[in-house]
Amino acid sequence: MHEFALADAVVKTALRAAEEAGIARIERIVVSVGELQRIRSDLFEYSLTQVLPGDVPALAGVEFSVTVEPVVFRCRLCGREFGRDEADTDEPDALEAMHMIPELSHAFLRCPGCDSPDFDIVAGRGITLQRVEGSGADGQDG
């Protein structure tokens, strides 16, 4: 269950970002999870609430907003952008393999426009802290 480790990293990163931005009380943490990350959103959201350090007043009452970022590939040959659903594969283990080593997607997928296996993954990888919302020590929104 790597969701807990990822959640812990998000919370620690959000605390650092809040400190740098002068946010004394964090009200909301906005996170996007790439489709290739292959984590269960419900478990990840639960993990975020469970890893909150109880001794950090800045996090009291914090809310999380988690969205899934669809994977987007861009063909290097024809320039077409496409999603996983357009380049579907019959391989049952393809998504798991692409999660572990995204570069393996070239072995499973082809561009639906020109049939090339030469493409980049331009979106839908990893976890991104989009923003930290809250107020400063003086009560000003940040």
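Structural data are supplied above this passage.
Computed from a predicted structure; not experimentally measured.

A. Seen up close, the environment of Asp-93. Along the chain, Asp-93 turns up in the loop between β4 (81-83) and α3 (94-100). Distance from Asp-93 to Phe-108, taken between C-alpha atoms, is 9.6 Å for residues 15 residues apart in sequence.

B. The arrangement of the pairing of strand β3 (residues 72-75) in detail. Side chains of β3 alternate between two faces, with Phe-73 and Cys-75 buried and Val-72 and Arg-74 left unburied. The sheet contact formed by β3 and β4 spans three bridges and is antiparallel. Counted as the bridge partner of Val-72 is Gly-83 from β4. Examined bridge by bridge, β3 and strand β5 (residues 119-123) share four bridges and lie antiparallel to one another.

C. Summary view of the pattern of salt bridges. Inspection of the entire model under this criterion finds ten salt bridges. Across the salt bridge formed by Glu-133 and Arg-28, the nearest N and O atoms sit 3.6 Å from each other. Of this pair, Glu-133 sits in strand β6 (residues 127-136) while Arg-28 sits in strand β1 (residues 23-34), and the two are 105 residues apart along the sequence. Of the residues examined, Glu-133 reaches a relative accessible area of 24% and is grouped as partly exposed. Given the relative accessible area of 28%, Arg-28 is considered partly exposed.

D. The side chain of Ser-116, seen in detail. Residue position: Ser-116 is located in the loop between α4 (105-108) and β5. The class for Ser-116 is buried, based on a relative accessible area of 7%. When near neighbours in sequence (up to four residues on either side) are disregarded, Ser-116 contacts Cys-75, Leu-77, Arg-110 and Cys-111.

E. Representation of the packing of helix α1 (residues 3-21) against helix α2 (residues 41-50) within the structure. Closest axis-to-axis distance for the α1/α2 pair is 8 Å, and the angle between their directions is 55°. Taken together, α1 and α2 sit at an angle that is classed as oblique. Considering only the axes of α1 and α2, their crossing is right-handed. Side by side, α1 and α2 meet where Glu-3, Phe-4, Leu-6, Ala-7, Val-10 and Val-11 of the first sit next to Leu-43, Phe-44, Tyr-46, Ser-47, Leu-48 and Gln-50 of the second. Of the residues contributing to the contact of α1 with α2, the split by class is nine nonpolar, two polar and one charged.

F. Representation of the sheet that holds β1 within the structure. In spatial order, the strands read β2-β1-β6; together these three strands make up an open sheet with mixed pairing. Single-partner strands in this sheet number two, and they are β2 (63-69) and β6. Each adjacent strand pair in this sheet contributes to an overall mean axis angle of 20°, direction not counted. As defined by bridge partners, β1 adjoins β2 across seven bridges and the pair is classed as parallel. Within β2, the position partnered with Gly-34 by the bridge is Glu-69. Sheet strands touched by α1: β1, β2 and β6. Its angle to β1, the strand with the most contacts, is close to 135°. The sheet strands contacting α2 are β1, β2 and β6, and the helix crosses β2 at an angle near 150°.

Conventions used here
Residues numbered from 1 in each chain as written. Predicted model: local features only at pLDDT ≥ 70, side-chain atom pairs only at ≥ 80, totals over all residues. Heavy atoms only, no water. Helix = DSSP H or I, 4+ residues; strand = E, 2+ residues; numbered from the N terminus. Buried < 20%, exposed > 50% of the residue type's maximum accessible area, 1.4 Å probe, protein only. Pairing = 2+ DSSP bridges. Salt bridge = Lys/Arg side-chain N within 4 Å of Asp/Glu carboxyl O. Contact = heavy atoms within 4.5 Å. Axes fitted to C-alpha atoms, helices over the stretch in contact; angles between N-to-C directions. Parallel < 35°, antiparallel > 145°, perpendicular 65-115°, else oblique. Left-handed = near helix turned anticlockwise from the far one by under 90°. Nonpolar A, V, L, I, M, F, W, Y, C, P; charged D, E, K, R; others polar.

Function-wise, these values are silent; they only describe arrangement.
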